Amino acid sequence: MEKEKYRNISTTNSHFRTTITASSLQEEDRVFLFLEEQQRQQQKDMMLAQQYHAAIASSNTTHQNNETFLTTTTPIGNRSNDSHDPPSPPRRESVDIIIMVMGEARNFQRWHDLWNNYLTHEPEPVVLGNNYSEYSHIIAPTPDASKLSFVYASYDKPVTARYNETNSTSDFNSYMVISHSKTTRTIYMPGSTWTQARNKLAEEALLDERRRGRKYDYWVFLDDDVEFHCRKREGGVLFDKKQKIEIGQICWNRFLDFLNFDELIPQKATLLTVKMGRKSNFLTNYGAVSNADPFVTAFKRDSLQYHLPYATLREGMSEHNSAYVQYCLMFTCMKQSALYIPHICGKNNDHRPYTRGFNTSEIAEAAVQNYGPYLNMQHCDNIEYYVKRVFIRAPDALGLDLQIPSKNETCDSVKYRFYDWEAKVLSN
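Residues numbered from 1 in each chain as written. Predicted model: local features only at pLDDT ≥ 70, side-chain atom pairs only at ≥ 80, totals over all residues. Heavy atoms only, no water.

## Things to note about the layout of surface pockets
Taken as a whole, the second largest pocket spans an internal volume of roughly 870 Å³. Around the second largest pocket, the lining comprises 33 residues; the ones closest to its centre are W194, D223, H320, N348 and Y354. The element contributing the most residues to the lining of the second largest pocket is helix α6 (residues 321-333), with four residues. Taken together, the residues that form the lining of the second largest pocket break down as 14 nonpolar, eight polar and 11 charged. (1 Å grid on protein atoms, 1.4 Å probe; cavity = no way out; pocket = protein on both sides within 12 Å on 5 of 7 lines; lining within 4 Å. Points joined across faces, edges and corners; volume = space filled by probe spheres on them. Helix = DSSP H or I, 4+ residues; strand = E, 2+ residues; numbered from the N terminus. Nonpolar A, V, L, I, M, F, W, Y, C, P; charged D, E, K, R; others polar.)

Structure follows, in structure tokens:
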């Protein structure tokens, strides 16, 4: 017998019509909040259009190698386009970020070093285009450890266990104290799959937010074998895309630094990621898709209720299906809202054994099982969602915002899936 939980709301699209019922004032209040949110989104769209046309009217564009770069932008502070010397960069507060990595215990040390080095690195000016002046007058904030957290989940053995392997002789007992520090901790999830581990890390993030008394601005999930590549620059000038490439720490720093700049991130983007590929496989302008690989995923906190938790799978299913269900959800509700950060890409170095496969019927089955009470997902057997990435591109964030479709209002009901999961996690 189904519970009557929600106020009557009718939502309709070409795939379905569903009615949600409510019986409490608390649920009724959320309905009004949804209506207010929709009105605010319409106002934002109008404002973005006005800002973009104003920016275009006062900007010059330059074309190089069939790529478009905005050489002057909507004013962010004061600067002269005739000078190659940026003014003193304004300082700002860092945003709250939780980084969550799942993988083998042997890779913890690499991530521990990346994280510690980020906390102590000297922030760089932002450079997005081919000239010195583009955004180089703003600089990332110095990392604030009180606003940042790092969690590493191992599935093969505890990070704190002593071990010796061919490529590593580290004694992780030395990390016992660090794993319980304010900024870094470890979790052991024996035998966990990719989906199980990410959902467990998401639970930890919820509990951590309750402990700290405020929400993070970004929840960032990463596979443990990710390696970042990025475009080299010198003196504020970007080298040609195919000539000079940075690898590792500096690219990791730039990835996290980028999250601190609202003005560089489209408002309609629901998540940020990097393009998958080796060396120079990054975008040199702004781009977004609906089906970005989840190996690197930075969810905006105010969009989590659409994305999480990840779809759980029955035994024997391909572990890729959790990502495929996300693709279908993105196409249905938040089309082309996954932003590729310019000038950074990444690749997976390890190829571990796990259940693989591609079957659209199984994808639809997993989607219906996970979203059935909240959203009709029977159309997830559409192969077009998975075999091709359709890009939208623009020279800047405002231009991309005008191209990203607004969230599908008929998908508001999917938020209740997140709220029900959240209530269950916080009640334990």
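## Here we look at empty space enclosed by the protein
On inspection of all chains with the given rule, the structure shows three cavities of 30 Å³ or more. Estimated volume of the second largest cavity: approximately 130 Å³. What lines the second largest cavity is a set of 13 residues, and nearest its centre among them are L271, A292, P294, Q326 and Y327. Those elements that place two or more of their residues in the lining of the second largest cavity are β15 (296-300) and α6. Top contributing element to the lining of the second largest cavity by residue count: α6, with four residues. Residue composition of the lining of the second largest cavity, grouped by class: eight nonpolar, four polar and one charged.

## Side note on the state of the cysteines
Applying the stated rule across the entire model yields three disulfides. Paired through a disulfide, C328 and C380 show a sulfur-sulfur distance of 2.0 Å. On the sign convention where negative is left-handed, the bridge of C328 and C380, at about -85 degrees about the S-S bond, is left-handed. Residue C328 is found in helix α6, and its partner C380 is found in the loop between α7 (360-371) and α8 (384-387); the two are separated by 52 residues along the sequence. Residue pairing for C333: its cysteine sulfur links by disulfide to C411, the two sulfurs lying 2.1 Å apart. Taking the torsion about the S-S bond as the criterion, the C333 to C411 disulfide, at about -80 degrees, is left-handed. (Disulfide = S-S within 2.5 Å.)

## So, unusual backbone geometry
A cis geometry characterises the amide bond from L308 onward to P309, with omega recorded as -5 degrees. Of note, P309 is situated in the loop between α5 (304-307) and α6.

## Looking at a nonpolar patch on the surface
Together, F358, I383 and V387 make up a nonpolar patch on the protein surface, roughly 260 Å² of accessible area in all. As for its position among the elements, F358 is in the loop between β16 (338-348) and α7. Take F358: its relative accessible area is 38%, and that puts it in the partly exposed class. (Patch = residues over 30% accessible without salt bridge, like charges linked within 9 Å, V, L, I, M, F, W, Y side chains within 5 Å. Areas by Shrake-Rupley, 256 points an atom, 1.4 Å probe, with all protein chains shown as cover. Salt bridge = Lys/Arg side-chain N within 4 Å of Asp/Glu carboxyl O. Buried < 20%, exposed > 50% of the residue type's maximum accessible area, 1.4 Å probe, protein only.)

## A word on the packing of aromatic side chains
Across all of its chains, the model carries 21 aromatic pairs by this definition. Ring geometry for F299 and Y310: centres 6.4 Å apart, planes at 55 degrees, overall tilted. Of this pair, F299 sits in strand β15 while Y310 sits in the loop between α5 and α6; the two residues are 11 residues apart in sequence, bridging distant segments of the chain. You'll find F299 and Y310 in the same group, each marked buried. Taken together, the ring pairs in this structure connect Y324, Y327, F331, F358, Y385 and Y386 into an aromatic cluster. Looking at R212, its charged tip hangs above the ring of Y216, at a distance of 3.9 Å from the centre. It is R356 that lies over the ring of Y354; its NZ or CZ is 4.0 Å from the centre. (Phe/Tyr/Trp six-rings, centres within 6.5 Å; stacked < 30°, edge-to-face > 60°. Lys NZ or Arg CZ within 6 Å of the ring centre and 35° of its normal.)

## A word on the pattern of salt bridges
Under the criterion given, the structure shown has 13 salt bridges. Between R106 and D350 there is a salt bridge whose closest N-O contact spans 3.5 Å. With R106 in the loop between β5 (97-103) and α2 (108-119) and D350 in the loop between β16 and α7, this pair connects stretches of sequence that are 244 residues apart. The exposure class assigned to R106 is partly exposed, which follows from its relative accessible area of 32%. Residue D350 is classed as partly exposed on the basis of its relative accessible area, which comes to 25%. Residue R211 pairs with D208 through a salt bridge whose shortest N-O separation is 3.4 Å. Of the two residues, R211 and D208 are both situated in helix α3 (residues 194-212); the distance of three residues between them amounts to about one turn of the helix. Here R211 falls in the exposed class, since its relative accessible area comes to 54%. One connected set of salt bridges, linked through shared partners, spans D96, R212 and R214.

## Looking at the packing of α2 against helix α4 (residues 249-258)
Look at α2 against α4: their axes get within 10 Å of each other, and the N-to-C directions meet at 60 degrees. Relative to α4, the element α2 is oriented oblique. Our pair here, α2 against α4, has a crossing hand that is right-handed. Contacts between α2 and α4 involve W111, D113, L114, W115, N117 and Y118 on the former and, on the latter, Q249, W252, N253, L256 and D257. The residue inventory of the contact of α2 with α4, partitioned by class, reads six nonpolar, three polar and two charged. (Axes fitted to C-alpha atoms, helices over the stretch in contact; angles between N-to-C directions. Parallel < 35°, antiparallel > 145°, perpendicular 65-115°, else oblique. Left-handed = near helix turned anticlockwise from the far one by under 90°. Contact = heavy atoms within 4.5 Å.)

## Examining the side chain of S337
As for its position among the elements, S337 is in the loop between α6 and β16. A distance of 2.9 Å separates polar atoms of two side chains, one belonging to S337 and the other to T270. Of the polar contacts made by the side chain of S337, one reaches the backbone oxygen of M334; its length is 2.7 Å. Ignoring anything within four residues of it in the chain, the contact list for S337 reads K268, A269, T270, L271, V289, M330 and I404. (Polar contact = N/O pair within 3.5 Å; in protein donor to acceptor, adjacent residues only side chain to side chain.)

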